[in-house]
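Here's the letter readout for the chains.
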Amino acid sequence: MAVTSVNNDDEASSPRNDNKTKELNEPADFEKAIDAAGFGLFNVLLIFIAIPATLANVFSTTTMAYILPIAECDLKLTLFNKGMLNAATYAGMISSAIIWGYLADTQGRKKILVIGYIADAICVFCSSLSQNFAMLVTFKFIGGLIVNGPGAVLFTYLTELHGAKHRPRVLMILGMITSFGTLLLPILAWLILPQDWEFALQDFNVHTWQMFLLICGLPSLICGLALIALPESPKFLMSQGRNMEALKAFQKIYFFNTRQPKNTYPIQHLIEEVPTRDTNANEVIFNIENKLQGIEENEPVKSKRQHRTLVQSLREGWQQTKPMFRKPLLARSLHVYLMQFCILLGLNTIRLWLPQLFASIAEFEHEFAGTDESSNLCAILDYSVNKTATAIASNTGDCTANRNISVDMYLNNIIVATSSLVGYCFAGLIIRALGNNRLLTYGLLLSGCLGFGLYWATSGLETLIISSLFITVCSISTSSLLGMVVGLFPTTMRTMIVAIAMMLGRLGALSGNLMFPILVEVGCVPPFVMVGAVLIFASALSCILPKKTDF
């Protein structure tokens, strides 16, 4: 056991004081220790630092969508090039998912957060210097490779620095910050991209969209530097047997929250925890399989800490995941993976192409104002495809005219983001009224119908209304699915299931963004059929999703 250097004098020998002294001398688990550290200034600072961190996560996947209409001439972008830029970040995230998970569990949360966000800031700054498509897509891929680590670890870090009482509130605040980030980005685009910030340094050209990328990298740098001052997760330290370091972390939190000296922190001992990685693998599997078969254990399994080589850790990690590849978890997990793939394919395809669609609509309506030219979305897409092909073929080198994007493009995206934020505010009421299962089924069905409905939009206003409803309903449905995972899988498997589901979801987003421009060039109907069909298919899958199972 780890023992602190705190010394308390016994001032009285009454039974009450004796019981209190005995209680303080008993080893405390994490929940007891974090509760004793209090809730106050430290937690407020943590939330403030989480704001730029969350913004960095949002900006990493979405900034490209806003610069594509502006940079298409400067970078000579085809429709497929635009799809690749939207998908590049997701490709990087998929490639690094397992590596970051391993590093976070072995090297610690803080180290990954600090190094990851600072490295992401450097990568974003480098992408803002891009002079061609190849350079930009390379840095976006590397950026996705990097930001996936701290982006995932941030969630774990925040939950591990709060007790069970405050954890749900913190997660709700984190969701609100994410929604705020999706609203802030189009506002920044509105303020920055219409500006005339064009200049050249010898052969190096700097455009407004590059300044926009540079500014979007600041949240990563700010949170990366700010996180240096925060302690390592005491929960992680306890899981690694580093109880003295964990106790110091609790004392630091206690000092910030209470403004009392660290040596007055009431907890003197912490219980010894056996790290998940060093637990005997066969015992872990026995526990999970017993629960799946309804067999209760009489006593908790106790394992002694022992050194593990990398090969042993990998072998035991495989043993721990074996139940995922057996009944009933195999079919259930594949079910969730397929649903997540379909949902994020539909959602992120439309979400990331909306700025381009709104820019094309605004340009088309301005070009053919006062004429009888049909303004349905098909006519607009045909016009946009032909215009892009002509611009690439002519390659005149004069891109001045291409930067005059209507302000309606930015306002429409702000409205869509605002509707999504408002929807999340009422999501809790909707879930309580319908339940997770019904919300998931009805929400995905409605999203699929709205995806088809975009095909029949005949004006910018109709496209705005349909897309706002689509993004809002589909986003809430995505959160609903991840919430249901808690009741469908054992505790020891939930994090891994969610991680794999998110990886498959990103694969869906990547696939959708690569397929969308190809289908647009084929015709107007196919891209919207793809989006509507996958979401309705996901809705059908949700109807046969197993009911909640307690493990």
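See above for the structure.
Report follows, based on the coordinates. (Residues numbered from 1 in each chain as written. Predicted model: local features only at pLDDT ≥ 70, side-chain atom pairs only at ≥ 80, totals over all residues. Heavy atoms only, no water.)

Bringing the pattern of salt bridges into the picture now. Here the structure, examined in full by the defined rule, presents three salt bridges. Notably, a salt bridge pairs Arg242 with Glu245, separated by 2.9 Å at the nearest N-O pair. (Salt bridge = Lys/Arg side-chain N within 4 Å of Asp/Glu carboxyl O.)

What you tend to see is this: most non-glycine residues have negative phi, and most peptide bonds are trans. One non-glycine residue with positive phi stands out, namely Lys76, at about 55 degrees. Mapped onto the fold, Lys76 is located in the loop between α3 (41–71) and α4 (79–107). Not every positive phi belongs to a glycine, and Arg259 is a case in point at roughly 60 degrees. The topology assignment puts Arg259 in the loop between α11 (243–258) and β4 (269–270). (Helix = DSSP H or I, 4+ residues; strand = E, 2+ residues; numbered from the N terminus.)

Here we come to the packing of α3 against helix α6 (residues 133–160). One way to put it is that α3 packs onto α6 with a least axis distance of 10 Å and a crossing angle of 150 degrees. Classified by the interaxial angle, the pair formed by α3 and α6 is roughly antiparallel. α3 and α6 meet at a crossing whose hand is left-handed. Between α3 and α6, the residues in contact are Leu46, Ala50, Ala53, Thr54, Ala56, Asn57, Ser60, Thr63, Met64 and Ile67 and Leu136, Lys140, Val147, Gly151, Leu154, Tyr157 and Leu158, respectively. Taken together, the residues of the contact of α3 with α6 sort by class into 11 nonpolar, five polar and one charged. (Axes fitted to C-alpha atoms, helices over the stretch in contact; angles between N-to-C directions. Parallel < 35°, antiparallel > 145°, perpendicular 65-115°, else oblique. Left-handed = near helix turned anticlockwise from the far one by under 90°. Contact = heavy atoms within 4.5 Å. Nonpolar A, V, L, I, M, F, W, Y, C, P; charged D, E, K, R; others polar.)

Here we take up the packing of aromatic side chains. The full count for this structure, using the stated rule, is eight aromatic pairs. Ring plane angle 90 degrees and centroid distance 6.5 Å describe the contact between Phe516 and Phe528, whose orientation is recorded as edge-to-face. Of this pair, Phe516 sits in helix α20 (residues 491–522) while Phe528 is found in helix α21 (residues 525–543), placing the two residues 12 residues apart along the sequence. For the residue pair Phe516 and Phe528, the accessibility class agrees, reading buried in each case. Site record: aromatic cluster; members linked through ring pairs are Phe30, Phe250, Tyr254 and Tyr265. One Lys or Arg, Arg259, reaches over the ring of Phe255 and ends 5.0 Å from the middle of that ring. (Phe/Tyr/Trp six-rings, centres within 6.5 Å; stacked < 30°, edge-to-face > 60°. Buried < 20%, exposed > 50% of the residue type's maximum accessible area, 1.4 Å probe, protein only. Lys NZ or Arg CZ within 6 Å of the ring centre and 35° of its normal.)

A general trend in soluble globular proteins is that nonpolar side chains are found buried together. Judged by nonpolar contacts, the single largest core of 85 residues is most densely connected at Leu85, Leu136, Leu193, Trp209, Phe212 and Leu545. Counting contributing residues, this core receives three or more from each of domain 1 (23–288) and domain 2 (325–550). The residues touching Leu85, leaving out its near neighbours within four places in the chain, are Met64, Leu68, Leu77, Phe133, Leu136 and Val137. Of all hydrophobic cores here, the second largest spans 39 residues; its members include Ala33, Ala104, Leu230 and Tyr265. (Core = buried A, V, L, I, M, F, W, Y, C linked by side-chain atoms within 4.5 Å. Domains from an automatic or database assignment.)

Tracing the backbone through its elements, the reader meets Thr106 in helix α4. Along the primary structure Thr106 and Gln240 are separated by 134 residues, whereas in three dimensions their C-alpha atoms are 8.5 Å apart.

This paragraph deals with the packing of helix α2 (residues 30–37) against α11. Two quantities define a packed helix pair, namely the angle between the axes and the distance from one axis to the other. At a minimum axis distance of 8 Å, the contact between α2 and α11 shows a crossing angle of 30 degrees. The orientation of α2 with respect to α11, classified from their angle, is roughly parallel. Here Phe30, Ala33, Ile34, Ala36 and Ala37 of α2 lie close against α11, whose contacting residues are Phe250, Ile253, Tyr254, Asn257 and Thr258. Across the contact of α2 with α11, the residue classes break down as eight nonpolar, two polar and no charged.

Purely spatial values, then, with no claim about function.
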